[in-house]
Amino acid sequence: MDLFAGILPFVYVAQERSFRRAAERLGVSTAAVSKAVQKLEADLGVRLLERTSRQVALTSEGEAFLERAREAVAQVHAARELVAQAQRAPRGPLTVTLPYILGPILLPRLARLQARHPGLTLHVRLGDRLSRLVDEQIDVALRIGALEDSSLVGQLLLRTRWVTLAAPAYLARHGTPQHPDALVDHQCLKFILPRGMAREWVFRREPGGSAETVRTGGTLDVDHGPALLDLAAAGAGLCQVLDFMLDERVRDGRLVEVLADHAAEGPPVHALCVPGRQSVPRVRALLQLLVEELRPR
């Protein structure tokens, strides 16, 4: 049995929800696509698609099969591209997605990548939504936090630390907290996560102890990470951010760190890609540059 027979026609039909549009993408007749999918269903012994006169829909078996079939198609495309470009300089389109708060440290490095390899066409997508790499044709996704999707290849770029900051003027008015438990009586600026919940602050209650969430006070929250620093610098309260977000306001004293002895480790930063894509020259060039410049601390 040809393990790949009918796979590409099925994937295209599932993506387009149309035999005709799938045939146009493949450059063949609609009848040929229909026949290939029917043969695949016969080989598998299950119905993958429900057809009506107006639309095409996936069965539950089709949904499960499509997820793995798309991965297989993506890896075959990556293998073909790898062979074709193995001896060439990085060139062509490179799509990268990253959270807003990583923009300040990563965008300058992407600019250096572009200068180093002028044959690249960079497409940068900023957003906190988790993208589906295969579906959205994303080459590399930068993500903060533990890896959950084991089907992707992850490269550790950065280890982080939670830093708690306040303006000297705020501390002069309200006092400097000496222990995380004292934060219940302070104006603690909260970050609203993409799912709509406020992120709880994390500390080590005792230096060297384990990290845990701590109850904090406060009546002001925002859904944009850099805005926490703006508000804290304006004296609105304390903020807790990841160490890579620190800027000149910390260096010149407009913001100072508090509770440094209780600071907890933050989430790691990884670069993710579909298996096989990490060897494509343009993807490899990006990963090499990021690893060189953002070595885990």
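A brief report on the enclosed structure follows. The shown structure was predicted, so the numbers you read here are calculated from the model rather than taken from an experiment.

**Observations concerning the overall build of the protein chain**
Regarding its fold elements, the protein chain presents 9 helices and 14 strands. Taking 2.2 N^0.38 as the reference for a compact globule, 297 residues should give roughly 19 Å; the C-alpha atoms of the protein chain span a radius of gyration of 25 Å, well beyond that estimate. Dimensions of the protein chain along its principal axes, counting C-alpha atoms only, are 75 × 45 × 35 Å. Looking at the protein chain residue by residue over its 297 residues, the buried ones come to 43%. Look at the contacts in the protein chain between residues 6 or more apart in sequence, and 73% of them connect residues 24 or more apart. Here the protein chain has roughly 15700 Å² of accessible surface; of this, 51% comes from carbon and sulfur atoms. Side-chain charges of the protein chain comprise 38 positive and 34 negative groups, with the mean position of each set lying 6 Å from the other.

**Let's talk about the pattern of salt bridges**
Enumeration according to the criterion identifies 14 salt bridges in this entry. With its nearest N and O atoms 2.7 Å apart, the salt bridge here joins glutamate 293 to arginine 112. Of this pair, glutamate 293 sits in helix 9 (residues 281–293) while arginine 112 sits in helix 5 (residues 103–116), and the two are 181 residues apart along the sequence. For glutamate 293, a relative accessible area of 27% corresponds to the partly exposed category. Its relative accessible area of 39% is what places arginine 112 among the partly exposed residues. Ionic pairing is found between arginine 249 and aspartate 230, a salt bridge with its closest N-O pair at 2.7 Å. A residue pair is termed long-range when its members are at least 10 positions apart, and arginine 249 in helix 8 (residues 248–251) and aspartate 230 in helix 7 (residues 225–233) qualify at 19 residues. Since its relative accessible area comes to 42%, aspartate 230 is described here as partly exposed.

**Focus on the sheet that holds strand 13 (residues 256–258)**
Ordered by their spatial adjacency, 5 strands build an open sheet running 11-8-12-7-13, and the pairing between neighbours is mixed. Bordering the open sheet on either side are strand 11 (221–222) and strand 13, each of which pairs with just one other strand. Sheet topology note: the strand 7 (residues 162–166)/strand 13 ladder contains 3 bridges and is antiparallel. Paired with threonine 164 across the bridge in strand 13 is valine 258.

**Observations concerning the nonpolar core**
By size, the foremost hydrophobic cluster in this structure holds 43 residues, and its most contacted members are Leu102, Leu106, Leu142, Cys239, Phe244, Leu286 and Leu290. With 6 residues, helix 9 is the single largest residue contributor to this core. Once residues lying within four places of it in the same chain are set aside, the contact partners of leucine 286 are Leu94, Val96, Leu110, Leu113 and Val140. Counting residues in each nonpolar core, the second largest holds 19 residues, with Val37, Leu48, Leu58 and Leu66 among its members.

About the cut-offs
Residues numbered from 1 in each chain as written. Predicted model: local features only at pLDDT ≥ 70, side-chain atom pairs only at ≥ 80, totals over all residues. Heavy atoms only, no water. Helix = DSSP H or I, 4+ residues; strand = E, 2+ residues; numbered from the N terminus. Rg over C-alpha atoms; globule rule 2.2 N^0.38 Å. Buried < 20%, exposed > 50% of the residue type's maximum accessible area, 1.4 Å probe, protein only. Contact = heavy atoms within 4.5 Å. Areas by Shrake-Rupley, 256 points an atom, 1.4 Å probe, with all protein chains shown as cover. Lys, Arg positive; Asp, Glu negative; His and termini not counted. Charge placed at Lys NZ, Arg CZ, Asp CG, Glu CD. Salt bridge = Lys/Arg side-chain N within 4 Å of Asp/Glu carboxyl O. Pairing = 2+ DSSP bridges. Core = buried A, V, L, I, M, F, W, Y, C linked by side-chain atoms within 4.5 Å.

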